[in-house]
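# Structural features, examined
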Amino acid sequence: MVDIARRDVLTMAGAVGVGAAIPVSPALAEAPGKDPPQAPAANAARSYQFFNLDEAAFIEAFVDHLIPADDLTPSGTELGISIYIDRQLAGAWGKGARMYQLGPWAAGTPQQGYQLPLAPADLYRCAIRAVEAHCASAHGGSFDRLQPALRQQVVQALSEGRLPLQEIPAGASFDKTFFDMAYANVMEGLFADPIYGGNKDKRGWKLVGFPGVMAAHAENIERFRGKPYPVEPLGIADLS
Amino acid sequence: MATKLKEADVVIVGMGWTGGIMAKELSDAGLTVVGLERGPPRSDADFSVPMIRDELRYAVRNELFMDVSRDTLTFRNTPGQQALPMRRLGSFLPGEGVGGAGVHWNGQTYRFSPHDHALRSRVEERYGKSFIPQDMQLADWPMSYAELEPHYDKFEYMAGISGKAGNIAGKIQEGGNPFEGPRAREYPNPPLKPSLASEMFTETTRKLGYHPFPRPAANMSRPYTNPDGIQLGECQYCGFCENFGCEANAKASPHITVIPAALRNKNFSMKPYAWVTRVNRTADGKRATGVTYTSVLTGEEFEQPASLVILCAYGFGNVHLMLLSGIGKPYDPVSETGTVGKGYCYQVATVVQSFFEDRIFNPFMGTGSLGVVIDDFNGDNFDHGPVGYIGGASIYSASLGGRPINQRGVPPGTPRWGSEWKKATARWYNRTLQMSVQGSNMASRYNYLDLDPTYRNAFGLPLMRMTYNFTDNDEKLSAHLTTVAHDIARAMGPTHLGAKAPRRAPYSIVPYQSTHNTGGAIAGHDPSKSALNRYLQSWDVSNVFVMGASAFPHNSGYNPTGAVGALTYWAADAIRTKYLKDPGPLLRT
Ligand SMILES: Cc1cc2nc3c(=O)[nH]c(=O)nc-3n(C[C@H](O)[C@H](O)[C@H](O)COP(=O)(O)OP(=O)(O)OC[C@H]3O[C@@H](n4cnc5c(N)ncnc54)[C@H](O)[C@@H]3O)c2cc1C
Ligand code: SF4
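These numbers were taken from a predicted model, which means no experiment stands behind them.

Looking only at helices and strands, chain B has ten helices and 24 strands in total. Relative to its length of 589 residues, chain B is compact, with a C-alpha radius of gyration of 23 Å against a globular reference of 25 Å. Taken over the C-alpha atoms alone, chain B extends approximately 70 × 55 × 50 Å along its principal axes. Scored against the burial criterion, the 589 residues of chain B give a buried share of 65%. Long-range pairs, those at least 24 residues apart, make up 75% of the contacts in chain B between residues at least 6 apart in sequence. For chain B, the accessible surface area stands at approximately 19,400 Å², while carbon and sulfur atoms represent 50% of it.

The secondary structure content of chain A amounts to eleven helices and zero strands. Starting at the N terminus and walking to the C terminus, you meet the elements of chain A as α-α-α-α-α-α-α-α-α-α-α. Here chain A has roughly 10,600 Å² of accessible surface; of this, 58% comes from carbon and sulfur atoms.

Angle between the axes and distance between the axes: these two values describe a pair of packed helices. Residue and element names in this part refer to chain B. Contact geometry for helix α1 (residues 17-28) and helix α10 (residues 561-579): axes closest at 10 Å, N-to-C directions at 25 degrees. When the interaxial angle is binned, α1 and α10 end up roughly parallel. The interaxial crossing formed by α1 with α10 has right-handed handedness. Of α10, the residues touching α1 (which contributes Trp17, Thr18, Ile21, Met22, Glu25, Leu26 and Asp28) are Thr561, Val564, Gly565, Thr568, Tyr569, Ala571, Ala572, Ile575 and Arg576. When grouped by side-chain class, the residues that make up the contact of α1 with α10 number nine nonpolar, four polar and three charged.

This next bit is on the pairing of strand β3 (residues 33-36) of chain B. Residue and element names in this part refer to chain B. With burial as the criterion, each face of β3 is covered, one bearing Val33 and Gly35 and the other bearing Val34 and Leu36. Two strands pair when backbone bridges link them, and strand β2 (residues 8-13) and β3 are joined in this way by four bridges, in the parallel orientation. The partner of Val10 across the bridge, within β3, is Val33. The pairing of β3 with strand β11 (residues 268-271) spans four bridges and is classified as parallel. Note on β11: the bridge partner recorded for Val33 is Phe268.

Residues and elements named next belong to chain B. Turning to helix α3 (residues 119-127), its buried residues number three or more, namely Leu119, Val123 and Tyr127. End-on view of α3: buried residues confined to an arc of 30 degrees, all on one side of the axis. Downstream of α3 by one or two residues, Gly128 has phi in the positive range, about 90 degrees.

Attention now goes to the pattern of salt bridges. Counted according to the given criterion, the structure contains 36 salt bridges over all chains. Residue A:Asp180 pairs with A:Lys176 through a salt bridge whose shortest N-O separation is 2.9 Å. Taken as a pair, A:Asp180 and A:Lys176 lie in helix α8 (residues 174-191) at a separation of four residues, close to a single helical turn. Linked by salt bridges that have partners in common, B:Arg111, B:Glu149, B:Glu156, B:Glu180 and B:Arg183 make up one network.

Counting from both sides, the interface comprises 68 residues of chain B and, opposite them, 71 residues of chain A. When the buried surface of chain B facing chain A is broken down by residue, B:Arg87, B:Trp417 and B:Lys422 rank first, second and third, together holding 16% of it. Across the salt bridge formed by B:Glu199 and A:Arg225, the nearest N and O atoms sit 3.2 Å from each other. Run the count over chain B and chain A and you get 32 residue pairs in polar contact (both at pLDDT 80 or more). The set of elements that each furnish at least two residues to the side of chain B that touches chain A consists of α2 (55-60), β4 (73-76), β5 (84-85), α5 (196-207), α8 (418-428) and β20 (448-456) of chain B.

With respect to spatial proximity, the complete set of residues near ligand 2 consists of B:Asn219, B:Cys235, B:Gln236, B:Tyr237, B:Cys238, B:Phe240, B:Cys241, B:Cys246, B:Ala250, B:Lys251, B:Gly366 and B:Thr367. Within the shell around ligand 2, the residues separate by chemical class into seven nonpolar, four polar and one charged.

Going through the model one piece at a time under the given rule, you end up with 47 aromatic pairs over all chains. Both rings, one in A:Tyr100 and one in B:Tyr455, keep their centres 6.4 Å apart while their planes meet at 70 degrees; by these two values the pair is edge-to-face. Here A:Tyr100, found in the loop between α5 (81-90) and α6 (120-139), pairs with B:Tyr455, found in strand β20, and the two come from separate chains. On the accessibility criterion, A:Tyr100 (1% relative accessible area) is buried. Between the aromatic rings of B:Phe356 and B:Phe361, the centroid separation amounts to 5.9 Å while the plane-to-plane angle is 75 degrees, which identifies the pairing as edge-to-face. By relative accessible area, B:Phe361 is classed as buried at 9%. Through a chain of ring-to-ring contacts, three or more aromatic side chains come together here, namely B:Phe75, B:Phe92, B:Tyr314, B:Phe316, B:Tyr344, B:Tyr346, B:Tyr468, B:Phe470 and B:Tyr507.

Here we take up the site of ligand 1. All names here are of chain B. In the vicinity of ligand 1 lie 35 residues, with Thr18, Glu37, Arg38, Gln108 and Thr561 positioned nearest. Interatomic distance of 3.1 Å between a backbone N/O atom of Ala101 and an oxygen atom of ligand 1. Between ligand 1 and Val276, the relevant distance is 3.0 Å, taken from a nitrogen atom to a main-chain nitrogen or oxygen of the residue. In isolation ligand 1 offers 990 Å² of accessible surface; the protein chains occlude 98% of this area. Going through the elements one at a time, α1 and β12 (274-281) are the ones with two or more residues in the shell around ligand 1. The element best represented in the shell around ligand 1 is β12, accounting for three residues. Broken down by class, the residue content of the shell around ligand 1 amounts to 15 nonpolar, 16 polar and four charged.

Thresholds, definitions, all that
- Residues numbered from 1 in each chain as written.
- Chains lettered and ligands numbered in written order.
- Predicted model: local features only at pLDDT ≥ 70, side-chain atom pairs only at ≥ 80, totals over all residues.
- Heavy atoms only, no water.
- Helix = DSSP H or I, 4+ residues; strand = E, 2+ residues; numbered from the N terminus.
- Rg over C-alpha atoms; globule rule 2.2 N^0.38 Å.
- Buried < 20%, exposed > 50% of the residue type's maximum accessible area, 1.4 Å probe, protein only.
- Contact = heavy atoms within 4.5 Å.
- Areas by Shrake-Rupley, 256 points an atom, 1.4 Å probe, with all protein chains shown as cover.
- Axes fitted to C-alpha atoms, helices over the stretch in contact; angles between N-to-C directions.
- Parallel < 35°, antiparallel > 145°, perpendicular 65-115°, else oblique.
- Left-handed = near helix turned anticlockwise from the far one by under 90°.
- Nonpolar A, V, L, I, M, F, W, Y, C, P; charged D, E, K, R; others polar.
- Pairing = 2+ DSSP bridges.
- Arc of directions from axis to C-beta.
- Salt bridge = Lys/Arg side-chain N within 4 Å of Asp/Glu carboxyl O.
- Buried area = accessible area lost by both parts, 1.4 Å probe.
- Polar contact = N/O pair within 3.5 Å; in protein donor to acceptor, adjacent residues only side chain to side chain.
- Near = heavy atom within 4 Å.
- Phe/Tyr/Trp six-rings, centres within 6.5 Å; stacked < 30°, edge-to-face > 60°.

In short, shape yes, function no, at least from these values alone.
Structure follows, in C-alpha cells:
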C-alpha cells in the first residue's frame, strides 16, 4: 500500500495544470509502480463516470474493506468493483429506472420496503456525504484515511443502522437502506459478468468455482455428480 | 376519443399461460379472437447464448418482469395502516410481455390434491367446525379434483411435464407421489436426472419413512413433441432457468407452445404493447361490450368491442381490472360483504440450508424444477389434530442453479464481509444443500385487495392496494414444517446446519418469496361469497370470464400453475360446450 490517497494524486494532477477531467487509473493511485501510465483511451474504462473525487475515495475504501486483497483475490477495487458500482449509478438503474417514483412519500414500515424519494445514485450521494460528515466529526478524518479497525467500526454500525447520519432526509431505516444497497452492489460487482466492469479476470467466479456462461450440463450432471468440475470460466465477452 | 376497432367474438386480456391457452382453445372453436398484451413480443433472439446467461440483467435487475415505474400496487399489513407503493419489485415478480410469467417461470408443475378441492368439508369432517379459526374464510372449491383431472392431463401433455406418476387410476405407483389424486395415465416424459442433492434427499427421507418423488417439471427430460405438433428441446440443466427465458426451447412456455399453436389459426390475432385499462359495459352494467386499451408505443387509445371478455392478466391484473371497471362488488372486510378482492392468499415459504465438508454439489448444474419432494406434510396428508393448524407444505430439495450473485450460502456465524467471508464463500459455495418448505395459505378476513385512494399509475388510474399479513395459522404451520425440514437436513449429517428461521408476522414485501399470488376473484358455489361461479364466469357480468390463480379459494402447498392450467382448460371447455350454445349465466342464481 502506498500511503497516498487517490484524491491527492488527482489534486496534484490538477495543480500541475492537467485538467481534472483527464482520467487516472485507480490502480495507479494505489500502486504507481505496478501499473505503467496508459494512454487516456485505455484508461477511460477505469475512470469514473458518476463519482466525484471524494466519493471515489470513499467507495474505493468501502469496497476494499468488504473485499480486501488476500491470498484468495486481489482487492475489490482491483477487481473493478468500484468501477462496476460507478457504471451502475451512472446508468439507468442508478437514475431510478423501473422504480415507482411518484409521491406522496412517507417513511412507512420496514415491511413496506424502499420509500425514499431518491433514485439509487442520489441515495449514494447523500449517504456518502453523511457518512463522511460522521467520520469527520467522530474520528477527525475521512473514511478512506481511518485505521482499519475504525473503518470496521463505521461499516459495522452502518450495516446495523446504528450510524447517526445527520444530513439525511426523513426515512425510517435510511442508514441501513444505504448499506444494504451498497452491500448488494459490491456482491454484484464481484460476481456479475465481467462485461459490467467488475469481476475482473473472472476472479469472483474463480473464487467459488462458477463456470460462467457455458452451461450445457445434460451429460455433466451425471458424469460429474459429486465430483469437481474444473473448467476455466467463460463470460459473455468470451463468446461474443 | 378512443378509436373503435372491428368487433371480435372474444377479446383476451394478457398473453401468458392462461391467455395463450384460451387463445388456442377458442380460436380452434372457430371464434374470432383478439389477444391483447401490455408488454413486448418475445422471440428466440431474446434468449440466445451468451447474452441470456446474464444473472445481473435478468435475475437481479429483473429485465423480463413487470416495470413498476408504470404500474405497481400499494401495500400495508393491516387495514389500520397507510398503504405505500411497492417502489421496487421484491416479494413477487409478475411477468410482462408475450408469454407472461410463463417465460421465466421454473416449471414446477403440480396437481392440487383431491382434498384441496373440498377443503372446508374435509376439515369439518375430520377435526370439527371449531377447528377453523374465526377469521379464516375456508371454502370448498366449486369443482372437484375428478372433474379437473382430464384438464390437468391436457395441460401436462401440452407442456410435456417430466415426472413419475404416483397414482394411476387408483393404483399406487412405486417412486411417484402416493398421496396424489388418481390420474388417468403416466406423465408424458420421464423424470429429470437427479443431482447429488436430490439423491441425498431421497435416501434420507426414505430412511425417515417419508415418500420422496421427483418433482414434476416443465423442463424436458428428453426432446418432446406435444399433441399440437409443437417441438420442445432437451433440457441442458443450465441453471439459468428461474427468471430467464430458455435458450434450448426446453422449458414449456406459452410463447413457444399454445401461442404459436393459436397463431396458426387465421381467426386469432395478437397485439403486444396493448395495455388494457378498462372493461366496458352496457348502460345497465349487466354485459361487457369489450375493452379499452392504450398502445404503449404511441399513447393512442383504442376500443376493442367483443361479445366475450376473458381476463388473463395474472391474478393482480384481473382483480385490478374488475375493480376499475365495476365488475362485481368490491369486498369490504368490516361487513364481510362484496366479493372482488376477497380471499387474497400467498404462501408461507422457508429455506433450510446445510453444509457438507466432504460433498461437491456443482450447484450450477440444475434446472428450474430439479429436485425431490415429499408430500407427507402437505394438505391433509397427516393428522392436524396435534399440530393445531390447517394446511401443509411440500418439502423439497432444490437444485435450481448456482448463479453466484443470488445463489450462494455460508454457514451461520460467518462474517458478512472481509477475508473470513471470502474464505467461507470459496469453501461452501459448492458444498451447500438447499431445501425449501412451500407452505399453504388460507384466506383470512383482513387479507384482501382493493383500490388505493391515493396513488396512481401511468394511466392516471388508482393503483391496487394489498392488505396482507401472516396469521397465527401461518406461524404455526411454518414453525412446525420448518422444523420438519430442519430435522431432515440434520439427518443427512451435515458439517454445519443452516439457521432455522420460520416465517413470522409481519409479512414483508421486500425479500423474494414466490410469485404464487392467489385469490381476489375467487370461484365458489355462492354468489354472495365468491366473484366467479364454478366455470370461472363472473356472477355479475356473464360474458366476462376470469382465468388464473385469482380464482383459487385458498393457496395450497404447491406451485400454482398446474392447477391454473387445468382450470383454464376446464373453463375453455365450458365456454365451448355450454356457453356458446346459450350465452348467459351458466348457473342461475
Ligand atoms: C420467477 C418465477 C418463477 C415461477 N415458477 C413457477 C413454478 O415453478 N411453478 C409454477 O407453478 N408457477 C411458477 N410461477 C408462476 C407462474 O409463472 C404463473 O402461475 C403463471 O404464469 C400464471 O399464468 P397467468 O396467465 O395467470 O399469468 P401470466 O403468465 O403472468 O400472464 C399474464 C399476462 O397478462 C399481461 N397483462 C397484465 N395486465 C395487463 C393489462 N392491463 N393489459 C394487457 N396485458 C396485461 C401481463 O403482461 C402478462 O403477460 C413462477 C413465476 C415467476 C415469476
Ligand atoms: S434449465 Fe433447462 S429448461 Fe431451464 S432454461 Fe436451462 S435448458 Fe432451459
